[in-house]
Amino acid sequence: MTVNAKESAVYGLAKETASFIQSKVPNQQLQRPRVAIVCGSGLGGIADNIEDGDRFEIPYSDIPNFPKTTVVGHAGKLVFGFMSETKVPVVLLVGRAHFYEGHAMELVTFATRVCKLLEVQTMIVTNAAGGLNPDYNVGDIVLLNDHLNLAGLAGFHPLRGPNADDFGVRFPPLSEAYDLELRQRAHRIWNELPKTSATRKLNEGVYAFVSGPSYETRAECRLLHKLGADLVGMSTVPEIIVARHSGIKILAFSLVTNCAVLDSVPRGDDAALQSMSSTELEAHLSKGKANHEEVLEAGREAAKDMQDLVQKIVSTL
């Protein structure tokens, strides 16, 4: 493809990709979805809320310039359709590309750029995250209201390099990245919804983005918590930044899939541990240890409440 000299390189590629997608989607209204929903680990079931009649799917592998996802629990496809009784045209990104997979930040956020050119106005982003806030329980849903971009502060920022002027300004403000009116709406809807678990809560909190793919050490969890983070995860923030740079409104949710251990690692000379067997020591140390299977299972258990919440919110957009 020949890129217009006045266009940034990423704009030209995103335009090519958006045009390809629109040429494949048979329903003209769905070619310009109003809402995009990013489905994180274990949360692809949100796609079940799409009506079958006009539903259309495209695997990421068939889309030019699109990143390929390699993570279990990320199907890797776009799903177009109408959601809720108000028939809101939506596109679901079932799976995402992660920085830890080896993708450049520009590729991690490429799908967000394409959503802008598909004329998406609002993006709902979901993820699975570790809970740093002691008040959070596994299965709780957290509405993000701010973030710590640890990778970005270290130089791996999605807007690094020449600015894509076709999308947004050089220095976009992020002090109000998470739309307040949408957050207020989410709380109102949550309070009216029946829940699968009487103990499940909708909290608000700060998400810390780290590059991964290893889960955090205890010392790192304590550091992030002291910095003001309520959650930690390996996605979402690059997408948020690029969405806001492009003028897309953002609503973001984390599903708490494990509670981080904030206690220090036991000392080797701790007298209370000296009489423990290897099996007992392993059990003692495994408290709160995160694993990807746990992430997926927690996602399955809380999926119904998350899906109902997202669908009701979409119906109001």
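An unreviewed UniProt entry lists the chain under the name Purine nucleoside phosphorylase, with Myriangium duriaei CBS 260.36 as the source organism. Regarding the chain, the UniProt comment filed under Catalytic activity (unreviewed entry) reads as follows: "a purine D-ribonucleoside + phosphate = a purine nucleobase + alpha-D-ribose 1-phosphate". Per UniProt, the comment on the chain under Sequence similarities (unreviewed entry) is "Belongs to the PNP/MTAP phosphorylase family."

Caption draft 1: Representation of helix 6 (residues 218–226). Listing the buried residues of helix 6 in full gives Arg 218, Cys 221 and Leu 224. In a view along the axis of helix 6, the buried residues occupy a sector of 125 degrees, so they form one face of it. Count one or two residues on from helix 6 and you reach Gly 228, which has phi positive near 110 degrees.

Caption draft 2: Just the packing of helix 1 (residues 9–24) against helix 3 (residues 110–117), in detail. In contact at an axis separation of 9 Å, helix 1 and helix 3 are set at 65 degrees when each is read in the N-to-C sense. The handedness of the crossing between helix 1 and helix 3 is right-handed. Here Val 10, Tyr 11, Leu 13, Ala 14, Lys 15, Thr 17, Ala 18, Ile 21 and Gln 22 of helix 1 come into contact with helix 3, specifically with Phe 110, Arg 113, Val 114 and Leu 117. Looking at side-chain class alone, the contact of helix 1 with helix 3 contains 9 nonpolar, 2 polar and 2 charged residues.

Caption draft 3: Region of the structure containing the nonpolar core. One finds Leu 78, Phe 80 and Met 123 to be the most contacted residues of the largest nonpolar core, which totals 52 residues. In this structure, Met 123 is in contact with Ala 36, Val 38, Thr 112, Cys 115, Ala 243, Ile 248, Lys 249, Ile 250 and Leu 251, ignoring residues within four places of it in sequence. Within the second largest apolar cluster, 31 residues are counted, among which are Ile 37, Leu 143, Leu 182 and Ala 186.

Caption draft 4: Representation of the packing of aromatic side chains. For the structure shown, the criterion picks out 4 aromatic pairs. Ring centres of Phe 66 and Phe 110 lie 6.3 Å apart, and the angle between their planes is 75 degrees; this geometry places the pair in the edge-to-face category. With Phe 66 in the loop between strand 2 (56–59) and strand 3 (77–83) and Phe 110 in helix 3, this residue pair connects regions lying 44 residues apart in the sequence. A residue is classified by how much of its surface remains accessible, and Phe 110, at 4% relative accessible area, is buried. Taking NZ or CZ as reference, Arg 113 lies 4.5 Å from the ring centre of Phe 167, over its face. Taking NZ or CZ as reference, Lys 195 lies 4.7 Å from the ring centre of Trp 190, over its face.

Rules and cut-offs
- Residues numbered from 1 in each chain as written.
- Predicted model: local features only at pLDDT ≥ 70, side-chain atom pairs only at ≥ 80, totals over all residues.
- Heavy atoms only, no water.
- UniProt positions renumbered as here; feature names shortened; annotations may be inferred.
- Buried < 20%, exposed > 50% of the residue type's maximum accessible area, 1.4 Å probe, protein only.
- Helix = DSSP H or I, 4+ residues; strand = E, 2+ residues; numbered from the N terminus.
- Arc of directions from axis to C-beta.
- Axes fitted to C-alpha atoms, helices over the stretch in contact; angles between N-to-C directions.
- Left-handed = near helix turned anticlockwise from the far one by under 90°.
- Contact = heavy atoms within 4.5 Å.
- Nonpolar A, V, L, I, M, F, W, Y, C, P; charged D, E, K, R; others polar.
- Core = buried A, V, L, I, M, F, W, Y, C linked by side-chain atoms within 4.5 Å.
- Phe/Tyr/Trp six-rings, centres within 6.5 Å; stacked < 30°, edge-to-face > 60°.
- Lys NZ or Arg CZ within 6 Å of the ring centre and 35° of its normal.

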